[in-house]
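Letter by letter, the chains look like this.
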Amino acid sequence: MSHRNILILGASYGSLLGVKLALAGHGVRLVCLPAEASLINTSGAVVRLPVKGREGLVEVNSQNLPGDLAAGGTEAFDPAS
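Here we look at the pattern of salt bridges
Here is step 1 of the chain: Scanning the model with the defined rule gives 2 salt bridges in all.
Here is step 2 of the chain: Of the charged contacts in the structure, one is a salt bridge between R29 and D68, with a shortest N-O distance of 2.8 Å. With R29 in strand β2 (residues 27–31) and D68 in strand β5 (residues 68–72), this pair connects stretches of sequence that are 39 residues apart.
Here is step 3 of the chain: Relative accessible area serves as the criterion here: at 36%, D68 is assigned to the partly exposed category.
Here is step 4 of the chain: For R48, the salt bridge is made with E59, and the minimal N-O distance between the two is 3.0 Å.

As for the layout of surface pockets
Here is step 1 of the chain: One number sums up the size of the largest pocket: a volume of about 170 Å³.
Here is step 2 of the chain: Surrounding the largest pocket, N5, I6, L7, G27, V28, R29, F77, D78, P79 and S81 form its lining.
Here is step 3 of the chain: Breaking the lining of the largest pocket down by element, the ones donating at least two residues are β1 (5–9) and β2.
Here is step 4 of the chain: The class makeup of the residues in the lining of the largest pocket is 5 nonpolar, 3 polar and 2 charged.

Concerning the sheet that holds β2
Here is step 1 of the chain: Here 3 strands make up an open sheet; going across it, the order is β1-β2-β5 and the pairing parallel. Unpaired on one side and paired on the other, β1 and β5 mark the two borders of the sheet. For this sheet the average axis-to-axis angle between neighbouring strands, irrespective of direction, equals 20°.
Here is step 2 of the chain: The sheet contact formed by β2 and β5 spans 5 bridges and is parallel. Bridge pairing in β5 places G27 opposite D68.
Here is step 3 of the chain: Against the sheet, helix α2 (residues 34–43) contacts β2 and β5, and its axis sits at roughly 155° relative to β5.

Some points on helix α1 (residues 14–23)
Here is step 1 of the chain: Inspection of α1 places G14, S15, G18, V19, L21 and A22 among the buried residues, and these make up the whole buried set. Around the axis of α1, the buried residues are gathered within 165° of arc, so they sit on the same side.
Here is step 2 of the chain: Phi for G25, located one or two positions after α1, is positive at around 95°.

Some points on the nonpolar core
Note on soluble globular proteins: their nonpolar side chains tend to be buried together.
Here is step 1 of the chain: Counting residues in each nonpolar core, the largest one holds 16 residues, and the members touching the most others are V19, V28, L30, I40, L69 and A71.
Here is step 2 of the chain: Listed by contribution, the elements that provide at least two residues to this core are α1, β2, α2 and β5.
Here is step 3 of the chain: With 3 residues, the top contributor of residues to this core is α1.
Here is step 4 of the chain: Ignoring sequence-local partners within four residues, the contact set of L30 consists of I8, G10, A11, G14, S15, I40, L69, A70, A71, G72 and F77.

Reading guide: rules and limits
- Residues numbered from 1 in each chain as written.
- Predicted model: local features only at pLDDT ≥ 70, side-chain atom pairs only at ≥ 80, totals over all residues.
- Heavy atoms only, no water.
- Salt bridge = Lys/Arg side-chain N within 4 Å of Asp/Glu carboxyl O.
- Helix = DSSP H or I, 4+ residues; strand = E, 2+ residues; numbered from the N terminus.
- Buried < 20%, exposed > 50% of the residue type's maximum accessible area, 1.4 Å probe, protein only.
- 1 Å grid on protein atoms, 1.4 Å probe; cavity = no way out; pocket = protein on both sides within 12 Å on 5 of 7 lines; lining within 4 Å.
- Points joined across faces, edges and corners; volume = space filled by probe spheres on them.
- Nonpolar A, V, L, I, M, F, W, Y, C, P; charged D, E, K, R; others polar.
- Pairing = 2+ DSSP bridges.
- Axes fitted to C-alpha atoms, helices over the stretch in contact; angles between N-to-C directions.
- Contact = heavy atoms within 4.5 Å.
- Arc of directions from axis to C-beta.
- Core = buried A, V, L, I, M, F, W, Y, C linked by side-chain atoms within 4.5 Å.

Below you can see the structure in the form of C-alpha cells.
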C-alpha cells in the first residue's frame, strides 16, 4: 500500500480516524480550532482503544506512530498538495 496524505475536517471524531491512519503510515492533517491544534501539535492526539484479548484499553499517541499527524486551522493546509 502506498503512502497517502489525508485531510480531515474536525479533530473531535477525526482524531480517532487520524490516529488509525497514522498507525498505518499515512500523513494526516486535522483542521480544527486553534486551541485544539496547539494541544495536538504539542502533545499528540491520544486515543484509547479496546483490543481483543487484552484487558482494559490500549493507549495510542500519534507522536509514536509510523505516519505523521499534524493539526491546524482552516488556513493551515493546502488541500491541493
